[in-house]
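Examination of the molecular architecture
So the chains spell out like this:
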Amino acid sequence: MIRLPAVLLLALLVLLGQGGQAWATPDDAESEDTGLPLLRKSAQAGRLQSYSGTLFSTSGKVVRVSNSSGGMSVDRRAVDPATLEGGLLAPSEGMLRTLAANFQVLVGGGATACGRSARLVEALRSDGRPAARFWIDDVSGLLLRREVLDGSGRVAGAEAFVDVDIAVARDLPPAAAGSAPAVDSDALARLRAGGWQFPNLLPGRLELFDAGEAEGFLKLGYSDGLSVVSVFVQRGRLDEERLKGWRSQRSDGHTIWVRESAGLELIWASGGHVYTVFADAPADVVEAAVAGLPHEAEPGFWARLGRGADRVLSWVNPFA
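Residues numbered from 1 in each chain as written. Predicted model: local features only at pLDDT ≥ 70, side-chain atom pairs only at ≥ 80, totals over all residues. Heavy atoms only, no water.

As for the overall build of the protein
Counting its regular elements, the protein contains 7 helices and 16 strands. For the protein, the share of sequence-separated contacts (at least 6 apart) that also reach a separation of at least 24 residues comes to 57%. Summed over its atoms, the accessible surface of the protein is roughly 14800 Å², and 51% of this surface lies on carbon and sulfur atoms. (Helix = DSSP H or I, 4+ residues; strand = E, 2+ residues; numbered from the N terminus. Contact = heavy atoms within 4.5 Å. Areas by Shrake-Rupley, 256 points an atom, 1.4 Å probe, with all protein chains shown as cover.)

Brief notes about the side chain of arginine 146
Within the secondary structure, arginine 146 sits in strand E7 (residues 143–149). Overall, arginine 146 belongs to the buried group, its relative accessible area being 8%. In terms of polar contacts, arginine 146 uses its side chain to reach the backbone carbonyl oxygen of leucine 226, at 3.3 Å. (Buried < 20%, exposed > 50% of the residue type's maximum accessible area, 1.4 Å probe, protein only. Polar contact = N/O pair within 3.5 Å; in protein donor to acceptor, adjacent residues only side chain to side chain.)

Topic: the side chain of arginine 40
For arginine 40, the location among the structural elements is in helix H2 (residues 36–48). A polar contact of 3.0 Å, which involves the side chain of arginine 40, links it to the side chain of glutamate 93.

Some thoughts on the packing of aromatic side chains
Using the criterion set out here, one finds 3 aromatic pairs in the structure. On the basis of an interplanar angle of 80 degrees and a centroid distance of 5.6 Å, the ring pair of phenylalanine 232 and phenylalanine 278 is categorised as edge-to-face. Pair noted here: phenylalanine 232 is in strand E12 (residues 228–235) and phenylalanine 278 is in strand E16 (residues 273–280), with a separation of 46 residues, a long-range link. Residue phenylalanine 232 shares its accessibility class with phenylalanine 278, and that shared class is buried. (Phe/Tyr/Trp six-rings, centres within 6.5 Å; stacked < 30°, edge-to-face > 60°.)

A short note on the pattern of salt bridges
On inspection of all chains with the given rule, the structure shows 12 salt bridges. Put simply, arginine 259 and glutamate 265 hold a salt bridge, and the shortest N to O gap is 2.7 Å. A relative accessible area of 7% places glutamate 265 in the buried class. If you follow the salt bridges from partner to partner, you end up with Glu122, Arg133, Arg145 and Glu147 in one network. (Salt bridge = Lys/Arg side-chain N within 4 Å of Asp/Glu carboxyl O.)

A closer look at the confidence of the model for the protein
Residues at a pLDDT of 70 or more form 71% of the protein, whose mean pLDDT is 76. Counted against residues more than four places away or in other chains, residues 76–86, with its pLDDT under 50, gives 30 contacts. Low pLDDT, under 50, characterises residues 298–320; the predicted model gives this stretch 71 contacts beyond four residues in sequence or across chains. (pLDDT = per-residue confidence, 0-100.)

Things to note about unusual backbone geometry
For residues besides glycine, phi is generally negative; the peptide bonds are generally trans as well. Phi at cysteine 114 is positive, roughly 55 degrees, even though this residue is not glycine. On the secondary structure map, cysteine 114 appears in the loop between strand E4 (104–113) and strand E5 (116–124). Positive phi, close to 60 degrees, is recorded for arginine 205, a residue that is not glycine. Residue placement: arginine 205 occurs in the loop between strand E9 (201–202) and strand E10 (206–214).

Thoughts on the packing of H2 against helix H4 (residues 93–102)
Axis separation between H2 and H4 bottoms out at 11 Å; the angle between their running directions is 160 degrees. For the element pair H2 / H4, the angle class is roughly antiparallel. In terms of crossing hand, the pair formed by H2 and H4 is right-handed. In contact with Leu36, Leu39 and Arg40 of H2, H4 contributes Glu93, Leu96, Leu99 and Ala100. Split into classes, the residues belonging to the contact of H2 with H4 amount to 5 nonpolar, no polar and 2 charged. (Axes fitted to C-alpha atoms, helices over the stretch in contact; angles between N-to-C directions. Parallel < 35°, antiparallel > 145°, perpendicular 65-115°, else oblique. Left-handed = near helix turned anticlockwise from the far one by under 90°. Nonpolar A, V, L, I, M, F, W, Y, C, P; charged D, E, K, R; others polar.)

Observations concerning the pairing of E12
Here is the key point about a regular strand: its side chains alternate between the two faces of the sheet. Of all 8 residues that make up E12, 7 are buried, and the element is covered over most of its length. Of the pairings in the sheet, the one linking strand E11 (residues 217–223) to E12 comprises 7 bridges and is antiparallel in character. Its bridge partner lying in E12, glycine 221 is registered against serine 230. As consecutive antiparallel partners, E11 and E12 are separated by 4 residues, and within that stretch glycine 225 has a phi angle of approximately 100 degrees, a positive value. (Pairing = 2+ DSSP bridges.)

Brief notes about the pairing of strand E2 (residues 62–68)
Note: strand E1 (residues 51–57) against E2, 6 bridges, orientation antiparallel. Bridge pairing in E2 places tyrosine 51 opposite asparagine 67. Here E1 folds back onto E2, and the loop between the two strands holds 4 residues, one of which, glycine 60, carries a positive phi near 100 degrees.

Some remarks on the environment of glycine 216
Of note, glycine 216 is situated in the loop between E10 and E11. Taking the C-alpha atoms as reference points, glycine 216 and glutamine 234, separated by 18 residues in sequence, lie 6.5 Å from one another. Contact partners of glycine 216, with chain neighbours within four places excluded, come to Trp196, Val233 and Gln234.

Structure below.
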């Protein structure tokens, strides 16, 4: 992980906190998702353009990222590559469709990011308040900066290139909208036939976009198009001795264990299952999502889980 001087980090934090001053407000008469084609092009550029740079996030991570014909390269010790490949730099078509379903996506005015000319795209809530802002490079289409705002309008999370070197921009084919469903219905039916129960929607307009089973775990991915909440479920009981470095919270008669790292991690037991949540989302979104999952107190709550909570904690890639 790269460490920047304190003065530069402070300047970046001030920059990320001043997102409201660098763009024109979208025309109130707009009713179409005019910004969606730009985001779709940006996702394509994140996968196909060649570039390298230093990425900073408000989680405190500063990492080197590069992309070439051989694929994306990133310091895996510092950040989950899938967060970049599926989220910031190259969101999936399913996430873009969910974004359009939950927010109005409009093109704003011209702006600058990382010293480059950019176009601003805003995702607006139903009341017109911004939920996210995206700075897209005019030349390459690469996403240079992103902010996600909570329900109070505060920046809940942001990522931005501190420096970036973009090779000669490729002429990309038109990025067409996909038509495939977010999750294969037959795959969901097989999981449920195997005894797994899970919702297709969570509070906060989080839609299921990924579901699978591996090594005895059920893996679920939910998104509102801006944030990702990953849920892992294992049959068994939780062992609190494996949760060093976590803090416990009591709520309505049950206990949830919480740990903050690059994102928010929560783990609890309910109904003979252990639930682990990894969230790259504002606190209000996480709270709503967790409330929509099963919670119940049970005898022997802290009985030892044979294979241990450490196995699920090592399997955190929500897009694998």
